[in-house]
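Chain residues, written in single-letter form:
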Amino acid sequence: MANLLKDQMHIHADALEFEKAEVLRTRIEQLERYQARNTIVHADIGDVDVFALAIDAGGACVNYLRVIDGAVVHGITVELKPKLEETEAELLQLAIAELRERFKSSAPEAIVPLDPGIEVPGLAFTIPQRGDKKALLELSERNAKYFLLDKRKQEKLVDPEAATNRILEQLKQDLRLSELPRHIECFDNSNTQGTDPVSACVVFKDAKPSKKDYRHFNIRTVQGPDDFASMEEAVERRYTRLIAEGEPLPQLVVIDGGKGQLHAATNVFDRLGLRGKIAVVGIAKKLEELYFPDDSVPLHIDKRSSSLKVIQHMRNEAHRFGITHHRGKRSKRIIKTGLESIAGIGPGTAQKLLTRFGSIKGIKEAMDEDVIATVGAKKAEVVIKGLAQAN
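Residues numbered from 1 in each chain as written. Predicted model: local features only at pLDDT ≥ 70, side-chain atom pairs only at ≥ 80, totals over all residues. Heavy atoms only, no water.

Engineer: Just checking my understanding: could you explain the overall build of the protein chain for this structure?
Structural biologist: Regarding its fold elements, the protein chain presents twelve helices and 14 strands. When each of the 391 residues of the protein chain is scored for burial, the buried share is 41%. Summarising the internal contacts of the protein chain: among those between residues at least 6 apart in sequence, 57% fall at separations of at least 24. For the protein chain, the accessible surface area stands at approximately 21,300 Å², while carbon and sulfur atoms represent 52% of it. (Helix = DSSP H or I, 4+ residues; strand = E, 2+ residues; numbered from the N terminus. Buried < 20%, exposed > 50% of the residue type's maximum accessible area, 1.4 Å probe, protein only. Contact = heavy atoms within 4.5 Å. Areas by Shrake-Rupley, 256 points an atom, 1.4 Å probe, with all protein chains shown as cover.)

Engineer: Whenever I open this one, the pattern of salt bridges confuses me. Can you help?
Structural biologist: Close approach of charged atoms allows side chains of opposite charge to pair. In total, this model carries 19 salt bridges according to the counting rule given. A salt bridge links Glu 317 to Arg 320; the nearest nitrogen and oxygen atoms lie 2.9 Å apart. Here the residue Glu 317 and the residue Arg 320 both occupy positions in helix 8 (residues 306-340), the gap between them amounting to three residues, near one helical turn. Given a relative accessible area of 10%, Glu 317 falls into the buried group. (Salt bridge = Lys/Arg side-chain N within 4 Å of Asp/Glu carboxyl O.)

Engineer: How do you make sense of the packing of aromatic side chains when you look at a structure like this?
Structural biologist: In this description, a pair of aromatic rings is defined by centroid distance and the angle of the planes. Within this structure, the stated rule accounts for five aromatic pairs. For the pair Tyr 214 and Phe 321, a centre-to-centre distance of 5.2 Å together with 70° between the ring planes defines the contact as edge-to-face. Taken as a pair, Tyr 214 in the loop between strand 9 (208-209) and strand 10 (215-218) and Phe 321 in helix 8 lie far apart in primary sequence, 107 residues in all. For Phe 321, a relative accessible area of 18% gives the class buried. In this structure an aromatic cluster arises from ring pairing among Phe 51, Tyr 64 and Phe 103. Cation over ring: Arg 176 sits above Phe 292, and NZ or CZ is 4.6 Å from the ring centre. (Phe/Tyr/Trp six-rings, centres within 6.5 Å; stacked < 30°, edge-to-face > 60°. Lys NZ or Arg CZ within 6 Å of the ring centre and 35° of its normal.)

Engineer: What is the right way to read the environment of Ile 243 from this model?
Structural biologist: Among the structural elements, Ile 243 can be located in helix 6 (residues 227-244). Along the backbone, Ile 243 and Leu 272 are 29 residues apart, and their C-alpha atoms lie at a distance of 9.0 Å. Contact partners of Ile 243, with chain neighbours within four places excluded, come to Leu 249, Leu 272 and Leu 274.

Engineer: Would you explain the pairing of strand 12 (residues 279-283) in this entry?
Structural biologist: Looking along a regular strand, one sees the side chains alternate between the two faces of the sheet. Taken across its five residues, strand 12 has four buried, putting it largely inside the fold. Bridge analysis of strand 11 (residues 252-256) against strand 12 gives five bridges, and the strand direction is parallel. Counterpart to Val 254 in the pairing with strand 12 is Val 281. Regarding the hand of the β-α-β motif, the stretch spanning strand 11, helix 7 (residues 259-272) and strand 12 is right-handed. The pairing of strand 12 with strand 13 (residues 290-292) spans two bridges and is classified as antiparallel. What sits directly across from Gly 282, in strand 13, is Tyr 291. (Pairing = 2+ DSSP bridges. Right-handed = clockwise from strand over helix to strand, strands pointing away.)

Engineer: I'm lost on the nonpolar core in this one. Help?
Structural biologist: Nonpolar side chains in soluble globular proteins generally cluster together in the buried interior. One finds Leu 171, Leu 175, Ile 184, Val 202, Leu 252, Val 254 and Ile 311 to be the most contacted residues of the largest nonpolar core, which totals 25 residues. Elements represented by at least two residues in this core include exactly helix 5 (160-174), strand 7 (183-192), strand 8 (195-205), strand 11, strand 12, strand 13 and helix 8. With six residues, the top contributor of residues to this core is helix 8. Of all hydrophobic cores here, the second largest spans 23 residues; its members include Phe 187, Cys 201, Val 235 and Val 268. (Core = buried A, V, L, I, M, F, W, Y, C linked by side-chain atoms within 4.5 Å.)

Engineer: Explain the environment of Leu 149 here, please?
Structural biologist: Looking at the secondary structure, you find Leu 149 in helix 4 (residues 131-158). Judged by relative accessible area, which is 42%, Leu 149 ranks as partly exposed.

Engineer: Explain the pairing of strand 3 (residues 59-68) here, please?
Structural biologist: Summarising burial for strand 3: nine of the ten residues are buried, a large majority. Direction of pairing for strand 2 (residues 48-56) relative to strand 3: antiparallel, over a ladder of nine bridges. The residue bridging Ile 55 from the neighbouring strand is Ala 60, located in strand 3. Pairing of strand 3 with strand 4 (residues 71-80) involves nine bridges; the strand directions are antiparallel. The residue of strand 4 that forms the bridge with Tyr 64 is Ile 76. Here strand 3 folds back onto strand 4, and the loop between the two strands holds two residues, one of which, Asp 69, carries a positive phi near 50°.

Next up, the structure:
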């Protein structure tokens, strides 16, 4: 029931119907309080406190469940304001002290997700691995996670600029940048065993796709499957043109690939005098490792960070955009080599046949009268003979 109400609340919020969304939020909170008071875990658990953290780029929260005689009698989620470099253990320490004092809890046991690194007289900490206590911890973790998700959704609706700036600040911090990366570009290569090589460049502005600025490059100077040389050509063509036309340059360039692709891009930056003016990083495909020029040790960003989500979104967009163009180019080449190479058959006739039969194989297997019905008797004869001779 609560999940259904949450879905409806988000629909109203997305439609900017804030009053309806607020009514549903109140109903959800009432329902969750009722469920929390009536959740029976197991009488053998006795009296325990449960604490769970949720953390994202904008802050943190702790969910607290009070369990008495195996029943959850109280549940609350409290927002936290982490200080710079404050650890999860330190946040948990503060939450335990504050919430046990506020609710006058004397439970002898606290279920926690990690060791808080403190000793409290008369209190034992448990990090459960299975069973009812593990289920209690997971319930508390879900409560904390949903609290943050709802909060971020509301922030984005009420003040989208602040939400964007928070993401950009996180990117700046995680990637050790000197300025906010309001303009980011990402490159990716596509080819099939070295044929029809293309490179894609996608552009994000204020952490969102700017699709009108996307560009693709048909690789001209590279023979065979040379990913490094293809990346070098695409990056050089892109920024040579932007410089020549006086267009604004990005604050950050992301290269999809490991150290080799990154090195190819930095070679271009050196030649164009852009090294030090534009930050550049490479993202390895498998382990989500980020590489910086002249640094052999990769950076691992927290998987919960909004920075990693933006970079992954860019990488996926570049891959999608590049693959789409590559497939189109490859299809045109197949049409050219398979049909347009037949004397007397042009692009229009080839397209009609492929639209009707789906592939060259489909044309070969079709009945002669079906081919005649599609392009006429004269061209059908030419096509049928041409494909037969190609075998």
